[in-house]
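# Tertiary structure, described
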Amino acid sequence: MKISIINGPNLNLLGVRETEIYGFSNFEDYLKTLKHKFPSINFDYFQSNIEGEIIDRLHHVGFESDGIILNAAAYTHTSVGIADAVKAIKTKVIEVHISNTSSREDFRHSSFITPHAKGLITGFGLDSYYLAVSSFVLNNYK
Ligand code: DQA
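Below or above, wherever it landed, is the structure these notes cover. (Residues numbered from 1 in each chain as written. Predicted model: local features only at pLDDT ≥ 70, side-chain atom pairs only at ≥ 80, totals over all residues. Heavy atoms only, no water.)

Attention now goes to the overall build of the protein. Along its length, the protein carries five helices and five strands. Counting from the amino terminus, helix and strand elements in the protein follow one another as β-α-α-β-α-β-α-β-β-α. Relative to the 2.2 N^0.38 estimate, which gives 14 Å for 142 residues, the radius of gyration of the protein is 14 Å and therefore close to what a compact globule would have. By principal-axis analysis of the C-alpha atoms, the protein measures approximately 35 × 35 × 25 Å. Out of the 142 residues belonging to the protein, those deemed buried represent 47%. Sequence-distant contacts in the protein: of pairs separated by 6 or more residues, those separated by 24 or more amount to 77%. Total accessible area on the protein is roughly 7,100 Å²; 53% of this is exposed by carbon and sulfur atoms. (Helix = DSSP H or I, 4+ residues; strand = E, 2+ residues; numbered from the N terminus. Rg over C-alpha atoms; globule rule 2.2 N^0.38 Å. Buried < 20%, exposed > 50% of the residue type's maximum accessible area, 1.4 Å probe, protein only. Contact = heavy atoms within 4.5 Å. Areas by Shrake-Rupley, 256 points an atom, 1.4 Å probe, with all protein chains shown as cover.)

Below is the structure:
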């Protein structure tokens, strides 16, 4: 099973950025934990601060991966283009957020992506990704 993880803007600064919200681990270290917990899964990981690159990546993996985990970060709340890409591809997308976006500022309460995602996992720290992987493992979304 191949799972693609796509992280959006500023998530390259995990471990450094607003640690009271996002914690002290960078994503590369967390990915090692995920690979250890799910040894049979083939993970690929992509992070970009550029909207179009995230769209290109969705097109690239969206017809070959068995699941996509997308944290579009700030673009969640602004990007019709990323939402349209999620809608356009074949592979199911689980939207994740590290923080509980509903408990934060009003502008974080809306997502252009959620209506087109298989589901939404938000507020469990980096374990939001673990829960998303578990969902792909337990179910065979087509
Ligand atoms: C985030 C929540 C977004 O509102 C924010 O812009 C982020 C990270 C999260 O994972 O909690 O950059 O997607």
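The subject of this paragraph is the packing of helix 2 (residues 27-37) against helix 5 (residues 127-138). At their nearest, the axes of helix 2 and helix 5 sit 10 Å apart, and the two run at 35° to each other. Considering only the axes of helix 2 and helix 5, their crossing is right-handed. Side by side, helix 2 and helix 5 meet where Phe-27, Tyr-30, Leu-34 and Lys-37 of the first sit next to Asp-127, Tyr-129, Tyr-130 and Val-133 of the second. The class makeup of the residues in the contact of helix 2 with helix 5 is six nonpolar, no polar and two charged. (Axes fitted to C-alpha atoms, helices over the stretch in contact; angles between N-to-C directions. Left-handed = near helix turned anticlockwise from the far one by under 90°. Nonpolar A, V, L, I, M, F, W, Y, C, P; charged D, E, K, R; others polar.)

Two strands in a sheet stick together by hydrogen bonds in their backbones, pointing the same way (parallel) or opposite ways (antiparallel). Sheet architecture is open: five strands sit in the order 2-1-3-4-5, paired in parallel fashion. Unpaired on one side and paired on the other, strand 2 (42-47) and strand 5 (119-122) mark the two borders of the sheet. Here the strands of the sheet are splayed against their neighbours by 20° on average, with no regard to which way each runs. (Pairing = 2+ DSSP bridges.)

In the vicinity of the ligand, the contacting residues are Arg-17, Tyr-22, Asn-71, Ala-73, Ala-74, His-77, His-97, Ile-98, Ser-99, Thr-101, Arg-104 and Arg-108. The contact in question runs from an oxygen atom of the ligand to an N or O atom on the backbone of Ile-98, over 2.7 Å. Interatomic distance of 2.6 Å between a side-chain N/O atom of Ser-99 and an oxygen atom of the ligand. Expressed as a share of its isolated accessible area of 320 Å², the protein-covered part of the ligand is 98%. (Near = heavy atom within 4 Å. Polar contact = N/O pair within 3.5 Å; in protein donor to acceptor, adjacent residues only side chain to side chain.)

Counting buried positions along strand 4 (residues 93-97) yields five of five residues, so the element is predominantly enclosed. Residues of strand 4 alternate between two faces, with Val-93, Glu-95 and His-97 on one and Ile-94 and Val-96 on the opposite face, all of them buried. Strand direction decides the pairing type here: strand 3 (residues 67-71) and strand 4, joined by three bridges, are parallel. Residue pairing across strands places Leu-70 opposite Glu-95, the latter belonging to strand 4. Note on the crossover from strand 3 through helix 4 (residues 80-88) to strand 4: the handedness is right-handed. Where strand 4 meets strand 5, four bridges bridge the pair, whose relative direction is parallel. By the bridge assignment for strand 5, Val-96 is matched with Ile-121. (Right-handed = clockwise from strand over helix to strand, strands pointing away.)

With twelve residues, helix 5 extends 16 Å from end C-alpha to end C-alpha; this agrees with the ideal 16 Å at 1.5 Å per step. Within helix 5, burial applies to Ser-128, Tyr-129, Ala-132, Val-133, Ser-134, Ser-135 and Phe-136. Those residues of helix 5 hidden inside the fold are in contact with strand 1 (2-7), helix 2, strand 2, strand 3, strand 4 and strand 5. (Expected span 1.5 Å × (residues − 1).)

Coordinates in, geometry out; function isn't part of it.
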